[in-house]
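# Structural description and commentary
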Amino acid sequence: MRERAVVTLAVLVCLWPALASAISAPRLVADFATVVSSRAGSEPSEFVRVGSFVLFTARPDDHARRLFRSDGTAAGTIELANGCGPLDTGGFELRFTTASLAYYAVNCAGGGEALWASDGTPAGTRVLLAPGSYYTPGSQISVERRIEEEGGTFFLQGGWYDRPLELWRTDGTAAGTARVAVVSTSDSVRAGLHRRAANDLLMLVEETSRELVVWHSDGTSDGTVAVRSLAFPDQNASLRSFTGIADGIAFTVSLSEPSRVELWYSDGTAAGTALGAVLPIGVTDEPVAHAGSIYFTAAVGWTEWVWRGDGTEATTRPIVPLGSRDARTASFEFFDGWLYFVACADDDPPDASKAPASTPTQHNLTRQHNELCPVSKDHQRLVGFHQRELSLIHI
């Protein structure tokens, strides 16, 4: 294992000059800052790839943001749409993308949001919902803002003030954009959306500070139903995280009396929505999903551990102690049966020693002093855990 790691690093070091030399020098494709303004340039942003084009928004003047596309050439870099009047403020703002379309909210001078879609061509850039018919969702509890299906895309809108939270579906055309169901009429809700299989969606809605509702949808109005309400009476409950897994969803809730964090699982049924573990209040990171399991960090007593959960209370358990080190799930990466992440500590780590192969153990692959440690900047190590039988190696 040591020889393999050293060889891999050596190959990467040897290849770096060749990789760097293969990168072409930057060149100016198009200059949009043609109007003198108090700003430096046209503020291009929100670059996304759709098909063979890169779409982005920019402000060539002091007014609304417009939609552009580029194929990397001057001739192929064009404005797709303005969306607003000549002197309006506002303009295009990216909402989500699929493999073939980018979706934008367009608000001109506060006149109400519209929903647009573009495939990177002028003919394929169109209005799906007229101004005042689309409402950007409030604070969502998952990074997934849309669920792509064959022939369509599901998305949420509304969920704040007097706008109900709704599940919508679109095929990228105005005629094919329609509401599936009203999910909540509360004035301030957060929601998460997860696709388990074709026409098999799970949603978690934070209705109030004392109630969460699990929903299941088959993509139809009649088939979108609330399956389980989780009430936390006399508690100050706050939804901390939402993670999609192979069999459903996992989510954490912080509670006040007594102070704790509860990890829940749901397969989209009332019976299959159950408590997975009670964790200490210090759990702050969102669990990371991989191969049907979730991974996160939490303390056991005074020791920090990496945990693994497989969907039930019995299979949610600490697997590897971190000791005084600290890790963040944002650095978790999975490769070839191993979990790699960055761990940090205020003092030097103890020397490694052998451990039985059946005991989950830690592999210190490299150590370096830099600014990547989220808590302590003194020591940082890249470490790996095998998901089954683990042995201990120190490099």
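Each remark here, short or long, concerns the structure printed above.
A short tour of the structure in this document, coming up. (Residues numbered from 1 in each chain as written. Predicted model: local features only at pLDDT ≥ 70, side-chain atom pairs only at ≥ 80, totals over all residues. Heavy atoms only, no water.)

### A look at the side chain of Arg95
Note on placement: Arg95 falls in strand E5 (residues 90–97). Exposure remark for Arg95: the relative accessible area of 17% places this residue in the buried category. If we skip the residues at most four places from it in the chain, Arg95 touches Tyr103, Tyr104, Ala105, Glu113, Tyr134, Thr136 and Arg145. (Helix = DSSP H or I, 4+ residues; strand = E, 2+ residues; numbered from the N terminus. Buried < 20%, exposed > 50% of the residue type's maximum accessible area, 1.4 Å probe, protein only. Contact = heavy atoms within 4.5 Å.)

### Observations concerning the sheet that holds strand E10 (residues 152–157)
Sheet strands pair by backbone hydrogen bonding; their relative direction is either parallel or antiparallel. With respect to topology, four strands assemble into an open sheet ordered E9-E10-E11-E12, the strand pairing being antiparallel. Single-partner strands in this sheet number two, and they are strand E9 (146–149) and strand E12 (178–184). Adjacent strand axes in the sheet meet at a mean angle of 20°, parallel and antiparallel pairs treated alike. Where E9 meets E10, four bridges bridge the pair, whose relative direction is antiparallel. Bridge pairing in E10 places Glu148 opposite Thr153. (Pairing = 2+ DSSP bridges. Axes fitted to C-alpha atoms, helices over the stretch in contact; angles between N-to-C directions.)

### A look at the nonpolar core
Grouped together as the largest cluster of nonpolar side chains are 17 residues, with contacts concentrated most on Val48, Leu55, Phe92, Ala102, Tyr104, Val106 and Trp116. Mapped by element, the contributors of at least two residues to this core are strand E1 (45–50), strand E2 (53–58), strand E4 (78–81), E5, strand E6 (102–108) and strand E7 (113–118). Here the element with the most residues in this core is E6; it accounts for four residues. Each residue touching Leu55, except ones within four places of it in the same chain, is listed here: Glu46, Phe47, Val48, Val50, Phe68, Arg69, Leu80, Ala102, Tyr104, Ser118 and Gly120. Counting residues in each nonpolar core, the second largest holds 16 residues, with Phe154, Val180, Val189 and Leu193 among its members. (Core = buried A, V, L, I, M, F, W, Y, C linked by side-chain atoms within 4.5 Å.)

### Remarks on the pattern of salt bridges
The full count for this structure, using the stated rule, is 13 salt bridges. A salt bridge links Asp310 to Arg308; its shortest N-O distance comes to 3.1 Å. Here Asp310 falls in the partly exposed class, since its relative accessible area comes to 26%. The exposure class of Arg308 is buried, given its relative accessible area of 15%. Note that Arg317 and Asp310 form a salt bridge whose closest N and O atoms lie 2.9 Å from each other. Looking at Arg317, the relative accessible area reads 30%, which means it is partly exposed. Connected through shared salt-bridge partners, Glu43, Arg59 and Arg65 make up one network. (Salt bridge = Lys/Arg side-chain N within 4 Å of Asp/Glu carboxyl O.)

### Focus on the pairing of E7
Along E7, six of the six residues are buried, which leaves the element largely enclosed by surrounding structure. By the alternation rule, side chains of E7 split into Glu113, Leu115 and Ala117 and Ala114, Trp116 and Ser118, which are all buried. Sheet analysis places E6 next to E7, joined by six bridges and oriented antiparallel. Along E7, the bridge assignment pairs Val106 with Ala114. Hairpin remark: E6 followed by E7, antiparallel, with four residues in the connecting loop; positive phi at Ala109, about 55°. Pairing geometry for E7 and strand E8 (residues 125–129), over four bridges, is antiparallel. When the bridges of E8 are listed, Trp116 appears paired with Val127. Between the end of E7 and the start of E8, which pair antiparallel, lie six residues, with Gly120 showing a positive phi angle near 95°.

### Remarks on the state of the cysteines
Within the structure shown, the criterion is met by one disulfide. Between the sulfur of Cys84 and that of Cys108 lies a disulfide, 2.0 Å long from S to S. Across the S-S bond of Cys84 and Cys108 the torsion is about -80°, and the bridge reads as left-handed. Separated by 24 residues along the polypeptide, Cys84 in the loop between E4 and E5 and Cys108 in strand E6 bring together distant segments of the chain. For Cys84, a relative accessible area of 13% puts it in the buried group. Judged by its relative accessible area of 18%, Cys108 is buried. (Disulfide = S-S within 2.5 Å.)

### Points about empty space enclosed by the protein
Applying the stated criterion across every chain, the model contains one cavity of 30 Å³ or more. As a volume, the largest cavity reaches approximately 50 Å³. As for the largest cavity, its lining consists of Arg95, Phe96, Tyr134, Pro137, Gln140, Arg145 and Leu156. Here the residues of the lining of the largest cavity are counted per class, giving four nonpolar, one polar and two charged. (1 Å grid on protein atoms, 1.4 Å probe; cavity = no way out; pocket = protein on both sides within 12 Å on 5 of 7 lines; lining within 4 Å. Points joined across faces, edges and corners; volume = space filled by probe spheres on them. Nonpolar A, V, L, I, M, F, W, Y, C, P; charged D, E, K, R; others polar.)

### Topic: the sheet that holds strand E24 (residues 317–323)
Pairing is antiparallel in the open sheet, where four strands are placed in the order E21-E22-E23-E24. In this open sheet, the two edge strands, each paired with only one partner strand, are strand E21 (288–290) and E24. Neighbour to neighbour, the strand axes of the sheet diverge by 30° on average, direction disregarded. Strand direction decides the pairing type here: strand E22 (residues 293–300) and strand E23 (residues 303–309), joined by seven bridges, are antiparallel. By the bridge assignment, Ala299 is partnered in E23 with Glu304.

### Re the packing of aromatic side chains
The final tally for this structure, using the stated rule, is 10 aromatic pairs. A ring pair is formed by Phe92 and Tyr104, whose centres lie 5.7 Å apart and whose planes are at 80°; its orientation type is edge-to-face. Note that Phe92 is positioned in strand E5 and Tyr104 in strand E6, a separation of 12 residues in sequence. Side by side, Phe92 and Tyr104 carry an identical accessibility label, which is buried. Taken together, a centroid distance of 6.4 Å and an interplanar angle of 25° make the contact between Phe155 and Trp168 stacked. Linking Phe155 in strand E10 with Trp168 in strand E11 (residues 165–170), this pair joins segments that are 13 residues apart in sequence. Summarising the burial analysis for this pair, Phe155 and Trp168 share the class buried. Following the ring pairs from residue to residue traces out a cluster consisting of Phe96, Tyr103, Tyr134, Phe155 and Trp168. (Phe/Tyr/Trp six-rings, centres within 6.5 Å; stacked < 30°, edge-to-face > 60°.)

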